[in-house]
Amino acid sequence: ARRTLIVGEMAMAAILLVGAGLFARTFTRLIQVDPGFVASHAVTVSFALPQARYPEDGDAYRFYKQLVDRVSQASGVRAAGVTAGMPLSNDYLTSMSIEGRPIVPPADRPAVNYYGVSPGFFEAMGIRLVRGRLPTERDDAEAPRVAVVNETLARQFFAGEDPIGRRIQVGMGSEAWCEVVGIVADTRQYGLRGETTAQFYQPYAQQPFSGMTLVVRTDRGPA
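Here's a quick rundown of the structure. (Residues numbered from 1 in each chain as written. Predicted model: local features only at pLDDT ≥ 70, side-chain atom pairs only at ≥ 80, totals over all residues. Heavy atoms only, no water.)

### Section: the pairing of strand β9 (residues 199–203)
- Among the five residues of β9, five are classified as buried, and the element is accordingly described as predominantly covered.
- A two-sided burial pattern is seen for β9, the buried positions comprising Gln 199, Tyr 201 and Pro 203 on one face and Phe 200 and Gln 202 on the other.
- As paired strands, strand β4 (residues 111–117) and β9 are joined by five bridges and run parallel to one another. Bridged to Gly 116 within β9 is Gln 202.
- Two elements, strand β6 (residues 146–150) and β9, share two bridges in a ladder whose sense is antiparallel. Bridge pairing links Val 149 to Phe 200 in β9. (Buried < 20%, exposed > 50% of the residue type's maximum accessible area, 1.4 Å probe, protein only. Helix = DSSP H or I, 4+ residues; strand = E, 2+ residues; numbered from the N terminus. Pairing = 2+ DSSP bridges.)

Right, dumping it as structure tokens:
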């Protein structure tokens with residue numbers, strides 16, 4: 001019985017040792033994956049504005065603009081911005097059409113991850129600008145609609161072409177057409193082991209949301 005017990009303990013120890021080794025190797029691989037953003041010295045806070053107090057899109061926009069402006073002026077803050085979607089967190093999928101391409105029924109259009117963002121969001125997240133420009137305060141509700149896309153979207157749908165200057169429709173309606181003005185680095189949306197998706201960023205002033213996430217990057221501990 002003692003011999004059987006010892007053999008069983010050795011077998012269990014071997015299984016645990018192998019499992020620990022596999023776990024350590026997987027963990028090492030995951031921490032080496034580039035998520036596309038810089039998490040250190042950054043903090044996020046999510047908001048859901050009450051409809052009764054902020055009934056119009058313009059009300060929500062003014063709240064978030066004032067919030068970002070005031071937070072950006074705080075001591076130790078390097079950058080701040082808001083977004084309607086966060087990498088590795090909540091996602092918002094919508095359909096996409098490209099001007100000049102054959103018309104496709106809505107059900108057959110490719111889906112992209114959509115983010116409504118403010119100026120300062122990319123700097124606060126540490127997302128790298130690859131080419132072109134990022135949204136600015138000039139890209140407000142009265143300005144022509146613009147968008148920024150990630151490298152995966154540019155590669156998948158504009159192979160051999162320059163997406164900057166092209167027009168993309170995200171969603172439905174004539175007002176949904178946007179001119180691509182920049183390309184940013186990919187971020188991971190569905191886990192560090194998931195495939196990178198096509199991503200589309202639009203100034204939140206041109207498409208306000210009542211629920212947003214504030215991202216703040218600091219030059220010292222975020223707390």
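### Notes on helix α2 (residues 57–72)
- Taking 1.5 Å per residue as the helical rise, α2 with its 16 residues ought to reach 22 Å, and the 23 Å between its terminal C-alpha atoms agrees with that figure.
- Buried residues belonging to α2 abut β1 (42–48), β2 (77–83) and β10 (211–218). (Expected span 1.5 Å × (residues − 1). Contact = heavy atoms within 4.5 Å.)

### Structural notes on the environment of Ile 103
- Checked against the element boundaries, Ile 103 lands in the loop between β3 (93–98) and β4.
- In this structure the C-alpha to C-alpha distance between Ile 103 and Leu 192, which are 89 residues apart in sequence, comes to 34 Å.

### Some details on the pattern of salt bridges
- The tally for this structure, following the rule as stated, stands at eight salt bridges.
- The closest approach of N and O atoms between Glu 161 and Arg 101, which form a salt bridge, is 3.1 Å. You can see Glu 161 sitting in the loop between α4 (151–157) and β7 (167–170) and its partner Arg 101 sitting in the loop between β3 and β4, a full 60 residues away along the chain.
- When its relative accessible area of 38% is taken as the criterion, Glu 161 is described as partly exposed.
- For Arg 131, the salt bridge goes to Asp 162, with nearest N and O atoms at 3.2 Å. (Salt bridge = Lys/Arg side-chain N within 4 Å of Asp/Glu carboxyl O.)

### A short note on empty space enclosed by the protein
- This model, assessed by the stated rule, comprises two cavities of 30 Å³ or more.
- For the largest cavity, the calculated volume is near 50 Å³.
- Lining the largest cavity, in full, are Tyr 61, Lys 65, Val 68, Asp 69, Ser 118, Pro 119, Glu 137 and Tyr 204.
- Class assignment of the residues belonging to the lining of the largest cavity gives a composition of four nonpolar, one polar and three charged.
- Every residue lining the second largest cavity is listed: Tyr 61, Pro 119, Thr 136, Glu 137, Asp 139, Asp 140, Pro 203, Tyr 204 and Ala 205.
- Looking at the lining of the second largest cavity residue by residue, the classes come out as five nonpolar, one polar and three charged. (1 Å grid on protein atoms, 1.4 Å probe; cavity = no way out; pocket = protein on both sides within 12 Å on 5 of 7 lines; lining within 4 Å. Points joined across faces, edges and corners; volume = space filled by probe spheres on them. Nonpolar A, V, L, I, M, F, W, Y, C, P; charged D, E, K, R; others polar.)

### What to know about the pairing of β10
- Most of β10 is tucked away, with seven of its eight residues classed as buried.
- Judged from the seven bridges that link them, β1 and β10 form a sheet pairing that is antiparallel. Bridge pairing links Ala 42 to Arg 217 in β10.
- Bridge count between β2 and β10: six bridges; the pairing is antiparallel. Residue pairing across strands places Val 82 opposite Leu 214, the latter belonging to β10.

### Comments concerning the environment of Tyr 190
- Of note, Tyr 190 is situated in the loop between β8 (177–184) and β9.
- Judged by its relative accessible area of 41%, Tyr 190 is partly exposed.
- Linking Tyr 190 and Ala 11, residues 179 residues apart in sequence, is a C-alpha distance of 37 Å.
- Other than its neighbours up to four places away in sequence, Tyr 190 contacts Asp 91, Leu 93, Asn 113 and Thr 197.

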